[in-house]
Amino acid sequence: MNRLLFNEPLLAALLAWFIAQAAKLVTELIKTRDFELEIMFASGGMPSSHSSTVVALTTVIGRIEGLDSSMFALALIFATIVMYDATGVRQAVGFQARLLNDYFKGIKHETPILNELVGHTPFQVIVGALLGLVIGLFFPI
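Rules and cut-offs
Residues numbered from 1 in each chain as written. Predicted model: local features only at pLDDT ≥ 70, side-chain atom pairs only at ≥ 80, totals over all residues. Heavy atoms only, no water. Helix = DSSP H or I, 4+ residues; strand = E, 2+ residues; numbered from the N terminus. Expected span 1.5 Å × (residues − 1). Buried < 20%, exposed > 50% of the residue type's maximum accessible area, 1.4 Å probe, protein only. Contact = heavy atoms within 4.5 Å. Polar contact = N/O pair within 3.5 Å; in protein donor to acceptor, adjacent residues only side chain to side chain.

1. What to know about helix α3 (residues 49-65)
1) Next: Look at α3: 24 Å from first C-alpha to last across 17 residues, which is about the 24 Å you get at 1.5 Å a residue.
2) Next: Along α3, the residues classified as buried are Ser49, Ser51, Ser52, Val54, Val55, Ala56, Thr58, Thr59, Val60, Ile61 and Gly62.
3) Next: Contacts from the buried residues of α3 go to α2 (8-32), α4 (70-87) and α6 (122-138).
4) Next: Of the residues one or two after α3, glycine 66 is the one with positive phi, at around 100 degrees.

This is the structure we're talking about:
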């Protein structure tokens, strides 16, 4: 258990996720003057916590294991897939949810409103990746 608590790649990734999600919470608080804690656990929005998490993880692994290690290669491929998915598949799902919600607006049905904010724009992914890179570079090792 002690090794898990001091796992630096894991801690850096969790810190990056927390900071990205907290930024969304603060931004929403400023915009709406409404404190919605569930934003801390929601997907989508600016910056991409998906990107910040995987880039921080990859960066710390690269710093510890070396850029020529198998672990870094694995983390880099994982990060690339996650960021591609956030801007591709997940963004398309959000777009489809918006279309379906608009279609069923005013029609009596029992289907709950679909979450439209599941994907990211390329800019949100880039900002999240930069946040993760900064955290990964300056996280204590």
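Let's pick the thread back up.
2. Digging into α2
1) Next: Over its 25 residues, α2 extends 36 Å from the first C-alpha to the last, a length consistent with the 36 Å expected when each residue adds 1.5 Å.
2) Next: Looking only at α2, the buried set comprises Pro9, Ala12, Ala13, Ala16, Ala20, Gln21, Lys24 and Leu25.
3) Next: For α2, the secondary structure elements touched by its buried residues are α3 and α6.
4) Next: The N-capping residue of α2, defined by a side-chain oxygen 3.1 Å from the backbone nitrogen of leucine 10, is asparagine 7.
5) Next: At the exit of α2 stands arginine 33, carrying a positive phi of roughly 60 degrees.

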